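Chain by chain, the residues:
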Amino acid sequence: MNDAEFKRFADAAAHCQMSNAAFLAYAVDKAARDLTRTAAEIATEREVIDELFAARRHLGRIHGLFNQVAKALNSGADAPHLDASAEAVRSAARRMEAAADALLAHRDGGVPA
């Protein structure tokens, strides 16, 4: 823990009128009660960026699959679920873009655009 992190920690404990040890024990207990949320909140920026790049790779593969669908449709094939699939991909792309925007805003200390 660097000096700035320790100051933020000590200030938070003081604000809650708790000793550093009591505040730390409370925070650890709270974190242990919801491990899924805790893992998400403490994920490093690098881990989040890695996940965004993985999602980007998956969207790239989906792009390739849609090209194959287009080729099949041009050959007379039927794709009864194409509209639903395309909407699911658009939705995933929007969520990925929102996540990237939120990450950049968090890193820059602002709010998402």
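Below: a short report on this structure. Small disclaimer: the values here were computed from a predicted structure and weren't measured.

Conventions we followed
Residues numbered from 1 in each chain as written. Predicted model: local features only at pLDDT ≥ 70, side-chain atom pairs only at ≥ 80, totals over all residues. Heavy atoms only, no water. Helix = DSSP H or I, 4+ residues; strand = E, 2+ residues; numbered from the N terminus. Rg over C-alpha atoms; globule rule 2.2 N^0.38 Å. Contact = heavy atoms within 4.5 Å. Areas by Shrake-Rupley, 256 points an atom, 1.4 Å probe, with all protein chains shown as cover. Lys, Arg positive; Asp, Glu negative; His and termini not counted. Charge placed at Lys NZ, Arg CZ, Asp CG, Glu CD. Axes fitted to C-alpha atoms, helices over the stretch in contact; angles between N-to-C directions. Parallel < 35°, antiparallel > 145°, perpendicular 65-115°, else oblique. Left-handed = near helix turned anticlockwise from the far one by under 90°. Nonpolar A, V, L, I, M, F, W, Y, C, P; charged D, E, K, R; others polar. Salt bridge = Lys/Arg side-chain N within 4 Å of Asp/Glu carboxyl O. Buried < 20%, exposed > 50% of the residue type's maximum accessible area, 1.4 Å probe, protein only. Expected span 1.5 Å × (residues − 1). Arc of directions from axis to C-beta. Polar contact = N/O pair within 3.5 Å; in protein donor to acceptor, adjacent residues only side chain to side chain.

## Let's talk about the overall build of the protein chain
1) Next: Counting secondary structure elements, the protein chain contains 5 helices and 0 strands.
2) Next: Listed N to C, the secondary structure of the protein chain is α-α-α-α-α in terms of helices and strands.
3) Next: Relative to the globule expectation of 13 Å for 113 residues, the C-alpha radius of gyration of the protein chain, 22 Å, shows a markedly less compact shape.
4) Next: In the protein chain, once contacts between residues fewer than 6 apart in sequence are set aside, the share between residues at least 24 apart is 37%.
5) Next: Just so you have it, the protein chain exposes about 9,100 Å², and 59% of that area is on carbon and sulfur atoms.
6) Next: Averaged over its 14 positive side-chain charges, the protein chain has a centre that lies 4 Å from the centre of its 16 negative ones.

## Topic: the packing of helix α4 (residues 45–74) against helix α5 (residues 82–108)
1) Next: Where α4 meets α5, the closest approach of the two axes is 11 Å, and the angle between their N-to-C directions is 155 degrees. As the angle between them shows, α4 and α5 are arranged roughly antiparallel. Every pair of crossing elements has a handedness; the one defined by α4 and α5 is left-handed. From α4, E45, V48, I49, L52, A55, R56, L59, I62, F66, V69 and L73 reach across to α5, where they touch L82, S85, A86, V89, A92, A93, M96, A99, A100, L103 and R107.
2) Next: Looking at the contact of α4 with α5 residue by residue, the class counts come to 18 nonpolar, 1 polar and 3 charged.

## Quick notes on the pattern of salt bridges
1) Next: A full pass over the atoms with the stated rule returns 4 salt bridges.
2) Next: Of the charged contacts, one joins E87 and R90 as a salt bridge, the two residues approaching to 3.2 Å between their closest N and O atoms. Here E87 pairs with R90, and both are found in helix α5, just 3 residues apart, close to one helical turn.
3) Next: E87 sits in the partly exposed class, given a relative accessible area of 34%.
4) Next: Taking the relative accessible area as the measure of exposure, R90 reaches 44% and is therefore partly exposed.
5) Next: Of the charged contacts, one joins E87 and R94 as a salt bridge, the two residues approaching to 2.9 Å between their closest N and O atoms.
6) Next: Here the salt bridges do not stand alone but share partners, grouping E87, R90 and R94 into one network.

## Re the environment of S85
1) Next: Residue placement: S85 occurs in helix α5.
2) Next: When its relative accessible area of 35% is taken as the criterion, S85 is described as partly exposed.

## Concerning helix α1 (residues 3–15)
1) Next: Taking 1.5 Å of rise per residue, 13 residues should cover 18 Å, and α1 covers 18 Å from first to last C-alpha, within 8% of that figure.
2) Next: Burial in α1 covers these residues: F9, A10 and A13. Around the axis of α1, the buried residues are gathered within 95 degrees of arc, so they sit on the same side. Opposite the buried face of α1, at more than 90 degrees from it, the exposed residues are A4, K7, R8, A14 and H15.
3) Next: As for α1, its buried residues are in contact with α2 (20–33).
4) Next: Two or three places before A4, at the start of α1, stands the capping residue N2, its side-chain oxygen 3.0 Å from that residue's backbone nitrogen.
5) Next: Note on α1: the residue one or two positions beyond its end, Q17, has a positive phi of about 55 degrees.

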